[in-house]
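# Structural overview for review
Spelled out from the first residue to the last, the chains are:
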Amino acid sequence: MDSARQLENLLHLYAERIDAGDLDGVAALFRHGSVMGQRGPEAVRALYAATTRIHEATGTPRTHHVTTNAIIDVDEAAGTATCRSRFTVLQATESLPLQAVVAGRYEDTFHRLEGRWWFATRTMHVDLTGDLSQHLLL
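Since we're looking at a predicted model, the values are computed, not measured. (Residues numbered from 1 in each chain as written. Predicted model: local features only at pLDDT ≥ 70, side-chain atom pairs only at ≥ 80, totals over all residues. Heavy atoms only, no water.)

Considering all chains together, one arrives at 7 salt bridges under this definition. Note that aspartate 127 and arginine 86 form a salt bridge whose closest N and O atoms lie 3.5 Å from each other. Highlighted residues: aspartate 127 in strand β6 (residues 116-129) and arginine 86 in strand β4 (residues 80-91), separated in sequence by 41 residues. Assessed through its relative accessible area of 38%, aspartate 127 is described here as partly exposed. Notably, a salt bridge pairs arginine 122 with aspartate 108, separated by 2.7 Å at the nearest N-O pair. Within this pair, whereas arginine 122 is found in strand β6, its partner aspartate 108 is found in strand β5 (residues 99-113), the two being separated by 14 residues in sequence. (Salt bridge = Lys/Arg side-chain N within 4 Å of Asp/Glu carboxyl O. Helix = DSSP H or I, 4+ residues; strand = E, 2+ residues; numbered from the N terminus. Buried < 20%, exposed > 50% of the residue type's maximum accessible area, 1.4 Å probe, protein only.)

In the structure shown here, the tally under the stated rule is 7 aromatic pairs. Taking 6.4 Å as the distance between ring centres and 90° as the angle between the ring planes, the aromatic pair formed by tyrosine 14 and phenylalanine 30 counts as edge-to-face. Taken together, the positions of tyrosine 14 in helix α1 (residues 3-19) and phenylalanine 30 in the loop between α2 (23-28) and β1 (34-35) put the pair 16 residues apart, joining distant regions of the chain. For tyrosine 14, a relative accessible area of 2% corresponds to the buried category. Between phenylalanine 30 and phenylalanine 119 the ring centres are 4.6 Å apart and the planes differ by 25°, which places this aromatic pair in the stacked class. Taken together, the residues span a long stretch of sequence, with phenylalanine 30 in the loop between α2 and β1 and phenylalanine 119 in strand β6 at a distance of 89 residues. Phenylalanine 119 matches phenylalanine 30 in its accessibility class, with the two residues each being buried. Three or more aromatic residues joined by ring pairs form one cluster here, namely Tyr14, Phe30, Tyr48, Phe87, Tyr106, Phe110 and Phe119. Above the ring of tryptophan 118, the side-chain terminus of arginine 116 is found at 4.0 Å from the ring centroid. Cation over ring: arginine 122 sits above tyrosine 106, and NZ or CZ is 3.5 Å from the ring centre. (Phe/Tyr/Trp six-rings, centres within 6.5 Å; stacked < 30°, edge-to-face > 60°. Lys NZ or Arg CZ within 6 Å of the ring centre and 35° of its normal.)

Let us look at the pairing of β5. By the bridge criterion, 12 bridges tie β4 to β5 in an arrangement that is antiparallel. The residue of β5 that forms the bridge with cysteine 83 is aspartate 108. Pairing of β5 with β6, which is carried by 12 bridges, proceeds in the antiparallel orientation. If you follow arginine 105 over to β6, its bridge partner there is histidine 125. The loop that links β5 with its antiparallel partner β6 comprises 2 residues; one of these, glutamate 114, has a positive phi angle of about 50°. (Pairing = 2+ DSSP bridges.)

Okay, structure coming up:
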């Protein structure tokens, strides 16, 4: 599998894990990186635990992250890559009908360590917000 496809899969693995409420799994993706300045799995997990509402009935945030428009640039020789992409988060709860609650952009950097791609950094830019009351711990 080529590097661009591996990186695209990493983007989707992040979405899959956050939608499953798997904060440990999300944090593990940043074992060698950072999210919004929080470095390493412990700090990343703490960030998500402090900001993401996990609904008791399902053990998930009751979200569906859609990641699109991935523009990936790989430097094979250096073992680094960048990606700009878009995200839309859909959510439905007992009190919130299905709707988009937030949309924005990811700016990611990656590095390859021992033959495997990892997030180096992830920066999120929120462009549009809806009703976040059931998604974020405000």
